[in-house]
Amino acid sequence: MHNLSDTKGFMGGLHPSATLSITSKAKAMKAEGIDVISMCAGEPDFDTPQIIKDAAIEALQTGKTAYTPASGMPELRKAVAEKFKKDNGIDTAMANVIVAPGAKFSVFTAIAALCGPGDEVIMPAPYWVSYPEIIQAAGAKMVVVQTRAENNFEIDPVDLEAAVTPNTRLLILNSPSNPTGSVYSKESLEAIAAVAVKHNFMVLSDEIYEKLVYDADQPHVSIASLNPEIADLTITVNGLSKAYAMTGWRLGYLTAPEWLAKKIAALQSHTTSNPTTFAQYGALKALEAADDEVEKMRQAFSRRRDLIFDLINAIDGVSAPRPSGAFYIFCDISSFGLNSDDFCAKLLEEKLVAAIPGAPFGADGWIRMSYACSDENICEACKRLSDFCASL
Ligand code: PLP
């Protein structure tokens, strides 16, 4: 008899998302009436701006409920291409752009269309938890390169070059970063681009937190804007979730060289087809007219970043580099001698604070706290964390 659960495909061996499972555990405890403070959120605590909702409502009411082309509506793809030119200095066109049900799916289709068995994907650690699983789903091999807090968690070009082999197909970059909040400098990106061009591998630049940057001396830079050679090797992924508080709408997009865009479009056409039609109208409005709303949210995150940074670093035994983007602070808890899973489990059990262990991000000895929550929650969570650390 066959053992039906012994699945042979690469995709059957994936693990559930560690961040999503801890977040839902904290939510379930809260629903039971337990006074848990969740510092796990991977999404803004704001509602989607009204003008975006209105555009989607109007689309629904005027019958925009049928399929669109699988890669998205032409007018939205054009608006995305314009956005890449205007905001990022990336020279692209509608033919290169694919709109997808979430940036996560754009990351998936890009990696799955590009990589397969025998290919190596270089990934700087700490990394977003979904990258290793997606690389595995494609049947490719992950090559982890450690970064260092004292280097702003940017991959050292010397370490990068040392990891390159004839099988290197792709490098993944994520700036601003989940989980560290670090933002790559233009100089670092130039050095990385030079290695990619020299060794002829592709770069997937995940820029989903692009709009959430807080320091004038650490602006967001898109690697594809640096020169035509690196532009030809880069897939830039972005989306609406984080900047526009639209996580549940499921809208992301990418731009890729045309030869790869065609492969990605084919993959998407046989899997999800188009992202939800009326949601695409909301996305169009967001790109055209929601800059002021984004700025208001960015300012709120910026203020909270300052608050949590000071509170965390005042705790004995905990230190966290100042994050310049996204809405996470990555805290070094290695002085307590507990691994990050045990630290977070004890913190939740004893002080009812939910934080995400660093281990699934490739950084045991660290924890990720999200500041996509109220000032009150930030203050209370840091007070409880401080009491917890004092008790260890
Ligand atoms: N990339 C990174 C680094 C993320 O942190 C996330 C969401 O947590 C995504 C991509 C996925 O975003 P989306 O909601 O558009 O799928």
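Quick summary incoming for the structure in this document. (Residues numbered from 1 in each chain as written. Predicted model: local features only at pLDDT ≥ 70, side-chain atom pairs only at ≥ 80, totals over all residues. Heavy atoms only, no water.)

Side note on the nonpolar core
Membership of the largest hydrophobic core comes to 99 residues, with the highest contact counts inside it found for I111, L170, I235 and I312. Apart from residues lying up to four places away in sequence, I111 is in contact with I134, I135, A138, L170, I172 and L204. Core analysis: the second largest hydrophobic core is formed by 26 residues, I52, I90, M246 and A283 among them. (Core = buried A, V, L, I, M, F, W, Y, C linked by side-chain atoms within 4.5 Å. Buried < 20%, exposed > 50% of the residue type's maximum accessible area, 1.4 Å probe, protein only. Contact = heavy atoms within 4.5 Å.)

A closer look at the sheet that holds strand β11 (residues 356–357)
Pairing within the open sheet is antiparallel, and its three strands lie in the order β9-β12-β11. The sheet is open, and its two edges are formed by β9 (328–332) and β11, each paired on a single side. Across five bridges, β9 lies against strand β12 (residues 366–370) in antiparallel orientation. Looking across to β12, one finds that Y328 is bridged to S370. (Pairing = 2+ DSSP bridges. Helix = DSSP H or I, 4+ residues; strand = E, 2+ residues; numbered from the N terminus.)

A word on the pairing of strand β4 (residues 141–146)
Pairing of strand β3 (residues 120–125) with β4 involves six bridges; the strand directions are parallel. If you follow P124 over to β4, its bridge partner there is V145. For the crossover that starts at β3, traverses helix α5 (residues 130–137) and ends in the parallel β4, the hand is right-handed. (Right-handed = clockwise from strand over helix to strand, strands pointing away.)

Some points on the site of the ligand
Neighbouring the ligand are 13 residues, the closest being A103, D206, S241, K242 and R250. Here a nitrogen atom of the ligand and a side-chain polar atom of D206 are 2.6 Å apart. At a separation of 2.7 Å, an oxygen atom of the ligand approaches a polar side-chain atom of K242. Protein chains bury 92% of the 400 Å² of accessible surface belonging to the ligand in isolation. Partitioned by chemical class, the residues of the shell around the ligand number five nonpolar, four polar and four charged. (Near = heavy atom within 4 Å. Polar contact = N/O pair within 3.5 Å; in protein donor to acceptor, adjacent residues only side chain to side chain. Areas by Shrake-Rupley, 256 points an atom, 1.4 Å probe, with all protein chains shown as cover. Nonpolar A, V, L, I, M, F, W, Y, C, P; charged D, E, K, R; others polar.)

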